[in-house]
Amino acid sequence: MKLLENILKHNEKFVAEKKYEEFETTKFPNKKMVILTCMDTRLLELLPKALNVGNGDVKIVKNAGALVAHPFGSIMRSLLVAVYQLQADEVLVIGHHDCGMSGMKPEIMLEEMKKRGISEETLETLAYSGIDVNGWLKGFENVKESVAHSVDMINNHPLMSKEIPVHGLVIDPATGKLDLVINGYES
C-alpha cells in the first residue's frame, strides 16, 4: 500500500471514531503568538513541548531554516495575517542547531535537481529571466545570525506594527533547550 493510501485509510477511521474532538479549538491562538520555525522533522513534537504550547495556543509558520528571505513573500504575509487578522500579539522566530540550511551549497542541490530531470536549459532560462537560483538556494553559515536577520526583516517591515515584539531563539533539536538570541521586549 502506498503512503497516500495509508494516510487516507487512517483518516477515515480517525473521523469515524471522532478522534478530532480532542483537538477542537478556534482559529485564534490562545497565547496570542505566532511562531516562525523550521520544517525540520525533529521539531514537530519537540518544539511545542519545549515551549509549553498545545493545540490552539499559537500559530505556527514553517519553512526551511525559519528564514524570512523576501519582505513580500508568503512567510511575511503569513506573519502579517497572524498579527492583523488572527490576534497574534507577539512573534517568535525559532531556528535550530544542526539545520539542513546551515552551510547548504546551491551547487549540490542543483546537481540533485538535474539528476531528477531538471534540464540545464530550464536553469539557463531562469538565469536569463533574472532569477539568481544559486542565491535563492543558498543557506546560511550561522544559525544565530540567520535568526537575527529574520527578526530584523520582520521588525523593519513597513507593514508590521512597531508594537509587536519580535523575539529570536535557537532550539537544540536533541534536548529542546532554547537559547535567546533577541529579546523583542528590549528591541
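Residues numbered from 1 in each chain as written. Predicted model: local features only at pLDDT ≥ 70, side-chain atom pairs only at ≥ 80, totals over all residues. Heavy atoms only, no water.

A.B. asks: Is there a simple way to think about the overall build of the protein chain in this case?
C.D. replies: Looking only at helices and strands, the protein chain has seven helices and five strands in total. Ordered by position from N to C terminus, the α and β elements of the protein chain give α-β-α-β-α-β-α-α-α-α-β-β. If you line up the protein chain on its principal axes, its C-alpha atoms span 55 × 50 × 35 Å. Evaluated residue by residue, the protein chain yields a buried proportion of 36% over its 187 residues. Pairs at least 24 residues apart make up 74% of the contacts formed inside the protein chain by residues separated by at least 6 positions. Carbon and sulfur atoms make up 55% of the accessible area of the protein chain, which totals about 12,000 Å². Of note, the protein chain has its 21 positive side-chain charges centred 5 Å away from the centre of its 26 negative side-chain charges. (Helix = DSSP H or I, 4+ residues; strand = E, 2+ residues; numbered from the N terminus. Buried < 20%, exposed > 50% of the residue type's maximum accessible area, 1.4 Å probe, protein only. Contact = heavy atoms within 4.5 Å. Areas by Shrake-Rupley, 256 points an atom, 1.4 Å probe, with all protein chains shown as cover. Lys, Arg positive; Asp, Glu negative; His and termini not counted. Charge placed at Lys NZ, Arg CZ, Asp CG, Glu CD.)

A.B. asks: What is the right way to read the state of the cysteines from this model?
C.D. replies: The term disulfide refers to a covalent linkage connecting the sulfur atoms of a pair of cysteines. For the structure on display, the rule yields zero disulfides. Free of any disulfide, C38 has its nearest neighbouring cysteine sulfur in C99, separated by 4.0 Å. Since its relative accessible area comes to 5%, C38 is described here as buried. (Disulfide = S-S within 2.5 Å.)

A.B. asks: Would you explain unusual backbone geometry in this entry?
C.D. replies: The phi dihedral of Q87 is positive, around 65 degrees, even though this residue is not glycine. Along the chain, Q87 falls in the loop between α3 (74–84) and β3 (90–96). Residue D98 is not a glycine yet carries a positive backbone phi of 60 degrees. By the element assignment, D98 lies in the loop between β3 and α4 (106–115).

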